[in-house]
Amino acid sequence: MSERAQLEGVSTSADQSYRRMTVGGTRGRLPSRAALEDDRMGDHDPEIPHPAVTVGDAARAIDCDILEVGAIDLDRLAVARDSALVLALRRVLVAAENPGEGVSTFQQSI
Amino acid sequence: MKGGAPLSRAHTPIRQFVLKVHSRCNLACDYCYVYRMADQGWRVRPLLMSGHTVRLAADRIREHAVRHGLSQVAIVLHGGEPLLAGAGYLDRLAATLRQLLAPVSVTLSVQSNGVLLDAALLDVLAEHGVRVAVSLDGDQPAHDQHRRHADGRGSYAEVERGLLLLGTARYRHLFGGLLATVDLAADPVATYRSLLRFGPPRLDFLLPLGNWTSPPPGRPADPASTPYADWLAAIFDQWYSAEHRETDLRMFTEIMHLLLGGESQLESLGLAPRAIAVIETDGTLEHLDALKSAFPGAATTGLRLADSSMDDLLAQPLSVEWRAGLAGLAPTCQTCAVRNTCGGGFYPHRYRAGNGFRNPSVYCPDLFALIHHIRARLVQDIGRLG
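Residues numbered from 1 in each chain as written. Chains lettered and ligands numbered in written order. Predicted model: local features only at pLDDT ≥ 70, side-chain atom pairs only at ≥ 80, totals over all residues. Heavy atoms only, no water.

*Asks:* Please set out the overall build of chain B residue by residue, giving values where relevant.
*Replies:* Within chain B, the secondary structure is distributed over 13 helices and 10 strands. Against the 2.2 N^0.38 benchmark of 21 Å for 386 residues, chain B shows a C-alpha radius of gyration of 20 Å, consistent with a compact globule. Projected onto the principal axes, the alpha-carbon positions of chain B cover approximately 55 × 45 × 45 Å. At a minimum sequence separation of 6, the contacts of chain B that also span at least 24 residues come to 72%. As presented, chain B carries roughly 13900 Å² of accessible surface, and 55% of it is formed by carbon and sulfur atoms. For chain B, the separation between the mean place of its 38 positive charges and that of its 37 negative charges on side chains is 4 Å. (Helix = DSSP H or I, 4+ residues; strand = E, 2+ residues; numbered from the N terminus. Rg over C-alpha atoms; globule rule 2.2 N^0.38 Å. Contact = heavy atoms within 4.5 Å. Areas by Shrake-Rupley, 256 points an atom, 1.4 Å probe, with all protein chains shown as cover. Lys, Arg positive; Asp, Glu negative; His and termini not counted. Charge placed at Lys NZ, Arg CZ, Asp CG, Glu CD.)

This is how it looks when you write it as structure tokens:
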């Protein structure tokens, strides 16, 4: 895997199946968890604990149709659909469908 | 922001332009990087960006957008205090920028201290769709501790008046959010609640400027001590646990997004390429202006709008380093467990006299602790979905 792919995450990985995902409620095909985790973790030192939360985790959540109003089992998640967690999960999927969003902005303004 | 060809890290075009429309301020905040730190370049700059310089800036931005196929750019009006330019100036400025940049679409915003916000100014900003963000550090005692007039008077009462006006139905759609600088002496949750009082759609807490040579207030040398992480984690727990989201807290949403595998849109986190240019009142092009906190001239490029393009800025060694991603980090950061999330932290925080910026952030222990705190909460909650 290229260094760029390691750095830029799913949108530059060899597995481009995320492009077939549908944002807006319908379940789509998701990249495999293994492919996603491999993509994110790259060549990390196995002795160093690394984040267990990856796009793959988000994909699992999205497999519950998180983007379809009312479809996600909010009781099981125990948070509202406009909670910080749900909005974060939604954003990561939208970002995966819109590669090119990853440029940084000025911190001294909001 | 959308538009243009797919990203190549080394050739990422500039999409956000910071226009220093006024080089002076009506406040004398004790932590200001423009006036109170190493670089005093403001002393020799014109007060106001001239019409000629505004037109040059618009031409250069348009040239860059067209060359790189960008359909949209963002322009932040900054200072000093940009509202010192006055309603008439801002009216002409916004109209000129939109006219000269067409067909490139422009998102305009202003970052203000809020003291001068009144109906006349807000009407002009509304007419041009200029989003308004305000710097506010918390409740009155916390805010007035640092954000004072030159004669020592606190500014909270004036900012409060402006924010209450901005929050009315007529102007609410312009409200971009609040920026607060962390003060360890203030209660974190009380600070967060006092900011929520104004209903900001977005909020962020900035770590005070400092570096290894001039450490930030309250940041001890002992890496086991994490006072800033502790302060921010208290707010994260409140914010994250709210039944419904109270506001978008930028630092936390960016960290969560990075932990979930996304790319940050904030220069102080993650490894996404920086895509920002700063244009001073005299038409000089600069790097990130907070670099001025490190040493005099740290943000200087030697480039001027009159004879340099935005691509010339991208070719500067510092710009290249900012686009290098992992390779641009200090060696210890490159093997760190949280490297993709932290991204080495805010660039000015990495400085040490003698070896420059190739260091971890002076806030390294705090960033590490805060990221792990947020990650633990995410793992716990997402685990319940399994």
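After that view of the structure, there is still more to cover.
*Asks:* Which residues make up the side chain of Arg339 of chain B, and what are the values?
*Replies:* Residue placement: Arg339 of chain B occurs in helix α12 (residues 339–342). In terms of polar contacts, Arg339 of chain B uses its side chain to reach the backbone carbonyl oxygen of Gln334 of chain B, at 2.8 Å. (Polar contact = N/O pair within 3.5 Å; in protein donor to acceptor, adjacent residues only side chain to side chain.)

*Asks:* Just give me the short version of the sheet that holds strand β7 (residues 248–249) of chain B, but keep the residues and values in it.
*Replies:* Residue and element names in this part refer to chain B. Spatially, β7-β6-β5-β4-β3-β2-β1-β8-β9-β10 is the arrangement adopted by the 10 strands of the open sheet, whose pairing is mixed. This sheet does not close on itself; its edge strands, each paired only once, are β7 and β10 (300–304). Here strand β2 (residues 72–78) runs beside strand β3 (residues 105–112); their pairing, made up of six bridges, is parallel. Bridging across to β3, Gln72 finds its partner in Ser105. Docked against the sheet, helix α5 (residues 156–166) engages β4 (131–135) and β5 (175–181), running at close to 150° with respect to β4. Each of β5, β6 (202–206) and β7 touches helix α6 (residues 188–196); the most contacted strand, β6, lies at about 145° to it. (Pairing = 2+ DSSP bridges. Axes fitted to C-alpha atoms, helices over the stretch in contact; angles between N-to-C directions.)

*Asks:* Help me get a handle on the pairing of strand β1 (residues 16–20) of chain B, residues and values and all.
*Replies:* Residues and elements named next belong to chain B. Along β1, five of the five residues are buried, which leaves the element largely enclosed by surrounding structure. Across four bridges, β1 lies against strand β8 (residues 276–279) in parallel orientation. If you follow Leu19 over to β8, its bridge partner there is Ile279. (Buried < 20%, exposed > 50% of the residue type's maximum accessible area, 1.4 Å probe, protein only.)

*Asks:* Can you break down the pattern of salt bridges residue by residue, with the values?
*Replies:* Residues and elements named next belong to chain B. Within this structure, the stated rule accounts for 18 salt bridges over all chains. With a shortest N-O distance of 2.9 Å, Glu246 and Arg193 are connected by a salt bridge. Separated by 53 residues along the polypeptide, Glu246 in the loop between α7 (227–241) and β7 and Arg193 in helix α6 bring together distant segments of the chain. A relative accessible area of 32% means that Glu246 is categorised as partly exposed. Close ionic contact of Glu321 with Arg358 constitutes a salt bridge, the shortest N to O distance being 3.8 Å. Remark: Arg358 occurs in the loop between α12 and α13 (364–383) and Glu321 occurs in helix α10 (residues 317–322); sequence separation between them is 37 residues. Its relative accessible area of 40% is what places Arg358 among the partly exposed residues. A single network of salt bridges, built from pairs that share partners, joins Arg45, Glu280, Asp282, Glu286 and Lys292. (Salt bridge = Lys/Arg side-chain N within 4 Å of Asp/Glu carboxyl O.)

*Asks:* Explain the pairing of β2 of chain B residue by residue, including any values.
*Replies:* Put simply, side chains in a regular strand alternate between the two faces of the sheet. Residue and element names in this part refer to chain B. Of all seven residues in β2, six are buried; the element is thus mostly enclosed. Direction of pairing for β1 relative to β2: parallel, over a ladder of five bridges. Bridge pairing in β2 links Phe17 to Ile75.

*Asks:* A description of the state of the cysteines should follow, citing residues and the corresponding values.
*Replies:* All names here are of chain B. For the coordinates displayed, the defined rule picks out zero disulfides over all chains. The cysteine Cys25 is free of any disulfide, with Cys29 supplying the nearest cysteine sulfur at 6.0 Å. No disulfide involves Cys342; its sulfur sits 6.2 Å from the nearest other cysteine sulfur, which is in Cys333. With a relative accessible area of 12%, Cys342 lands in the buried category. (Disulfide = S-S within 2.5 Å.)

*Asks:* Can you break down the confidence of the model for chain B residue by residue, with the values?
*Replies:* Low-confidence regions, as indicated by low pLDDT, have predicted coordinates that should not be scrutinised in detail. Residue and element names in this part refer to chain B. Scored by pLDDT, chain B comes out at a mean of 91, with 94% of its residues at no less than 70. Here residues 1–7 scores under 50 on pLDDT; set against residues more than four positions off or in separate chains, the count is 25 contacts. Our summary of model confidence lists the complex with pTM equal to 0.83 and ipTM equal to 0.81. (pLDDT = per-residue confidence, 0-100.)

*Asks:* Before we move on, could you go through the environment of Phe175 of chain B and cite the residues and values that matter?
*Replies:* All names here are of chain B. Following the sequence through the fold, Phe175 ends up in strand β5. Taking C-alpha positions, Phe175 is 7.2 Å from Pro201, a pair spaced 26 residues apart along the chain. For Phe175, the contacting residues outside a window of four places in its chain are Arg131, Val132, Leu163, Leu166, Phe198, Gly199, Pro200 and Pro201.

*Asks:* Give me the packing of aromatic side chains: which residues, what numbers.
*Replies:* Residue and element names in this part refer to chain B. Tallied over the entire structure, the rule returns 11 aromatic pairs over all chains. Judged by centre distance (5.0 Å) and plane angle (85°), the rings of Tyr228 and Tyr363 are edge-to-face. Note that Tyr228 is positioned in helix α7 and Tyr363 in the loop between α12 and α13, a separation of 135 residues in sequence. According to the relative accessible area criterion, Tyr228 is buried, its value standing at 1%. Overall, the relative accessible area of 0% leaves Tyr363 in the buried class. Site record: aromatic cluster; members linked through ring pairs are Phe295, Trp322, Tyr347, Tyr351 and Phe357. (Phe/Tyr/Trp six-rings, centres within 6.5 Å; stacked < 30°, edge-to-face > 60°.)

*Asks:* I'd like a description of helix α2 (residues 87–101) of chain B, backed by residues and values.
*Replies:* Note on helix geometry: an α-helix contains 3.6 residues per turn, so any two residues three or four positions apart are oriented the same way. All names here are of chain B. For α2, which comprises 15 residues, the first-to-last C-alpha distance of 21 Å matches the rise-based estimate of 21 Å (1.5 Å per residue) to within 8%. Tyr89, Leu90, Leu93, Ala94, Thr96, Leu97 and Leu101 are the residues of α2 that are buried. With its buried residues spanning 165° around the axis, α2 presents them on a single face. Across from the buried face of α2, at angles greater than 90 degrees, the exposed residues are Arg92 and Gln99. (Expected span 1.5 Å × (residues − 1). Arc of directions from axis to C-beta.)

*Asks:* Can you lay out the packing of α2 of chain B against helix α3 (residues 119–127) of chain B for me, pointing to particular residues and giving the numbers?
*Replies:* For any two helices packed against each other, one specifies the inter-axial angle together with the distance between the axes. Residues and elements named next belong to chain B. Axis separation between α2 and α3 bottoms out at 9 Å; the angle between their running directions is 5°. Viewed along their axes, α2 and α3 adopt a mutual orientation that is roughly parallel. Side by side, α2 and α3 meet where Ala87, Leu90 and Asp91 of the first sit next to Ala120, Leu121, Val124, Leu125 and Glu127 of the second. Residue composition of the contact of α2 with α3, by class: six nonpolar, no polar and two charged. (Parallel < 35°, antiparallel > 145°, perpendicular 65-115°, else oblique. Nonpolar A, V, L, I, M, F, W, Y, C, P; charged D, E, K, R; others polar.)

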